[in-house]
Amino acid sequence: MKIIRISHLGIACEGLDKPAAMLERLFGMQSGHTEEVAEQKVKTSFYPVGETTLEYLESTDAEGPVGKFLEKKGPGIHHLAFEVDDVDAAVQELLAKGVRMIDKTPRKGAHGNRIAFIHPSETQGVLIEICQPSH
């Protein structure tokens, strides 16, 4: 598996308006892209920072993964995402190593990316996403 870069840092929030106002006020930043990802039960807003982005995640369903995260931990860092050259091969490589995966096959994420999550029990409590752009 080849890691290309840190793709984004996912931050769970209770609404996209507050972080938008905060980022504008503090850093003059504006969202480069906002979308709803129904499969993940979230609305996302991306803020470019160099070669990576901050992804703010608003839950659209309290029973979804971000909704449960917010209920348990409150707003804050949700996940770290690594862009890989081949997400299918990366998942198979991790499974072959006996790594506990949340996703045994990649699924659709924001921007049409293909994504898979490594279980935080494997990564010192950090939820790590591996992703491959759709282009």
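One can find the structure itself at the top, above this paragraph.
Below: a short report on this structure.

Reading the values: the criteria
Residues numbered from 1 in each chain as written. Predicted model: local features only at pLDDT ≥ 70, side-chain atom pairs only at ≥ 80, totals over all residues. Heavy atoms only, no water. Salt bridge = Lys/Arg side-chain N within 4 Å of Asp/Glu carboxyl O. Buried < 20%, exposed > 50% of the residue type's maximum accessible area, 1.4 Å probe, protein only. Pairing = 2+ DSSP bridges. Helix = DSSP H or I, 4+ residues; strand = E, 2+ residues; numbered from the N terminus. Contact = heavy atoms within 4.5 Å. Axes fitted to C-alpha atoms, helices over the stretch in contact; angles between N-to-C directions.

1. Considering the pattern of salt bridges
A complete count under the given rule lists five salt bridges for this structure. The salt bridge involving Glu93 is made with Lys97; its shortest N-O contact spans 3.2 Å. The class of Glu93 is partly exposed, set by a relative accessible area of 27%. A relative accessible area of 57% means that Lys97 is categorised as exposed. Linking Asp103 and Arg107 is a salt bridge whose minimum nitrogen-to-oxygen distance equals 2.6 Å. Judged by its relative accessible area of 8%, Asp103 falls in the buried class.

2. Re the sheet that holds strand β1 (residues 3–13)
Whether parallel or antiparallel, the strands of a sheet pair through hydrogen bonds between backbone atoms. Strands sit in the order β2-β3-β4-β1-β5-β8-β7-β6 across an open sheet of eight strands; the sheet is mixed. In this open sheet, the two strands that pair with only one neighbour each are β2 (33–37) and β6 (107–108). Bridge count for β1 against strand β5 (residues 76–84) is eight bridges, and the pairing is antiparallel. Looking at the pairing, Gly10 lines up with His79 of β5. Along the sheet, helix α2 (residues 65–73) makes contact with β1, β3 (42–49), β4 (52–59) and β5, crossing β5 at roughly 140°.

No statement about biological role is implied by the geometric values presented.
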